[in-house]
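Read off the chains here:
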Amino acid sequence: MNRHFLVASLAIVLLASATQPALAQVPSNPEQPWGSWFIGTLQLPGSAESRWGGFAEAQARTNALFRQYFYNELKGGVSFDLDKNFTVLLGGGRYATSDYQDRPAGPLNVEKRLWGQVVLTQYSSRMKIEHRYRAEQRWFRFRDDSTSSRQRLRYRLNAFYPLNKKAIGPGTVFLSAYDEIFLNPKGPVLERNRIYLGAGYQFNNHLTLQTGWVNQANYNQPAIKQGQFIPQNTSAKRNIVVALTYRITRKTTVAAPERLPSQQD
């Protein structure tokens, strides 16, 4: 088996293990039903002639499988390729959460978000590894007109492995896995952990379809009650992900570099 594949798989497993609660008896909320994520993305990658790029994305989520819609995202950003392995991006978006049992009442809260990120990519003969670092500023408005703001730091380790070719391009079947941790500077430090396993197919230079499983665990702040320390509580939800990406290609005299089908979320 490819040495790089083993290294990447081990790194993802270790990162996922490190972000789980240290004690098996840590209390957790009752198990939630499986949900669904639907993601549609339009991308304009940078090229040799123009290193500027960008993306626009719409996303919808359901509380149960393919029903009980409650959440949506609208976001976009502008990117710049410092080189083929190093990209910076400035993005922003709107995120709305509703009660799926009472959607006519309007969103429970609407979040506006601005972020900057750096993406570093490593290419081997077959395995592709992506490191994404993101700093977010978030503003919330709740249904009762109250407001708040938060900051958050994120790191994602993403591995891609093409099955029928050495590089990901038209006609390629590939596997994808990532682990992402979400950190709150004000505490609790570990706010969320997201693990994804999936597969995809790139039809041509433009269209890529991915489907997979994502487990998202949210961590609540530890508490002290009656002199007793109560460990950090966690609630996890599993979801089916269906993501469709359309990539805009530019006319160029230089062969386009390999582009990884990374999810923007």
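Residues numbered from 1 in each chain as written. Predicted model: local features only at pLDDT ≥ 70, side-chain atom pairs only at ≥ 80, totals over all residues. Heavy atoms only, no water.

Caption draft 1: Highlighting the overall build of the chain. The helix and strand inventory of the chain stands at one helix and 13 strands. In the chain, the succession of helices and strands from N to C terminus is α-β-β-β-β-β-β-β-β-β-β-β-β-β. The buried share among the 265 residues of the chain stands at 43%. When the accessible surface of the chain is totalled, it reaches about 14,000 Å², and 60% of it is carbon and sulfur. (Helix = DSSP H or I, 4+ residues; strand = E, 2+ residues; numbered from the N terminus. Buried < 20%, exposed > 50% of the residue type's maximum accessible area, 1.4 Å probe, protein only. Areas by Shrake-Rupley, 256 points an atom, 1.4 Å probe, with all protein chains shown as cover.)

Caption draft 2: Representation of the side chain of lysine 128. Counting through the fold element by element, lysine 128 comes out in strand S6 (residues 128-142). Only 3.4 Å separates the side chain of lysine 128 from the side chain of glutamate 258, close enough to count as a polar contact. When neighbours within four sequence positions are excluded, lysine 128 is seen to be in contact with Gln122, Tyr123, Asn158, Ala159, Phe160, Pro162, Lys166, Ala167, Glu258 and Leu260. (Polar contact = N/O pair within 3.5 Å; in protein donor to acceptor, adjacent residues only side chain to side chain. Contact = heavy atoms within 4.5 Å.)

Caption draft 3: The arrangement of the layout of surface pockets in detail. Taken as a whole, the largest pocket encloses approximately 1,000 Å³ of empty space. Lining the largest pocket are 33 residues, and of these Thr97, Arg138, Arg192, Gln216 and Asn218 sit closest to its centre. No other element matches the four residues that strand S10 (residues 207-220) contributes to the lining of the largest pocket. The residue inventory of the lining of the largest pocket, partitioned by class, reads eight nonpolar, 12 polar and 13 charged. (1 Å grid on protein atoms, 1.4 Å probe; cavity = no way out; pocket = protein on both sides within 12 Å on 5 of 7 lines; lining within 4 Å. Points joined across faces, edges and corners; volume = space filled by probe spheres on them. Nonpolar A, V, L, I, M, F, W, Y, C, P; charged D, E, K, R; others polar.)

Caption draft 4: Region of the structure containing the pairing of strand S8 (residues 172-183). For S8, the buried fraction is high: nine of the 12 residues fall into the buried class. Across 10 bridges, strand S7 (residues 147-162) lies against S8 in antiparallel orientation. Following the sheet pairing, tyrosine 161 is matched in S8 by leucine 175. Sheet topology places S8 next to strand S9 (residues 190-202); 12 bridges connect them, and they run antiparallel. (Pairing = 2+ DSSP bridges.)

Caption draft 5: Spotlight on a nonpolar patch on the surface. Together, Leu163, Val173, Leu175, Tyr201, Phe203, Leu209 and Leu244 line one region of the surface with nonpolar side chains, adding up to about 550 Å² of accessible area. Looking at the element boundaries, leucine 209 is found in strand S10. Residue classification places leucine 209 among the partly exposed residues on the basis of a relative accessible area of 35%. (Patch = residues over 30% accessible without salt bridge, like charges linked within 9 Å, V, L, I, M, F, W, Y side chains within 5 Å. Salt bridge = Lys/Arg side-chain N within 4 Å of Asp/Glu carboxyl O.)

Caption draft 6: How the structure looks around the pattern of salt bridges. Considering all chains together, one arrives at 20 salt bridges under this definition. The shortest N-O distance in the salt bridge between glutamate 73 and arginine 61 comes to 3.2 Å. Residue glutamate 73 is found in strand S3 (residues 67-83), and its partner arginine 61 is found in strand S2 (residues 52-64); the two are separated by 12 residues along the sequence. Arginine 61 carries the same exposure label as glutamate 73, and that label is buried. Of the charged contacts in the structure, one is a salt bridge between arginine 194 and aspartate 265, with a shortest N-O distance of 2.8 Å.

Caption draft 7: Seen up close, unusual backbone geometry. Positive phi, close to 65 degrees, is recorded for glutamine 68, a residue that is not glycine. Relative to the elements of secondary structure, glutamine 68 occurs in strand S3. According to the relative accessible area criterion, glutamine 68 is partly exposed, its value standing at 24%. Phi is positive for aspartate 145, close to 75 degrees, though the residue is something other than glycine. Residue placement: aspartate 145 occurs in the loop between S6 and S7. Taking the relative accessible area as the measure of exposure, aspartate 145 reaches 57% and is therefore exposed.

Caption draft 8: Representation of the environment of glutamate 111 in the model. Residue position: glutamate 111 is located in strand S5 (residues 109-123). When its relative accessible area of 5% is taken as the criterion, glutamate 111 is described as buried. Leave out the neighbours within four places in its chain, and glutamate 111 touches Gly93, Arg94, Tyr95, Arg138, Trp139 and Phe140. In this structure the side chain of glutamate 111 is engaged in a polar contact, spanning 2.7 Å, whose partner is the side chain of arginine 113. Engagement of the side chain of glutamate 111 in a polar contact is seen with the side chain of arginine 138, the distance being 2.7 Å.

Geometry only, nothing functional implied.
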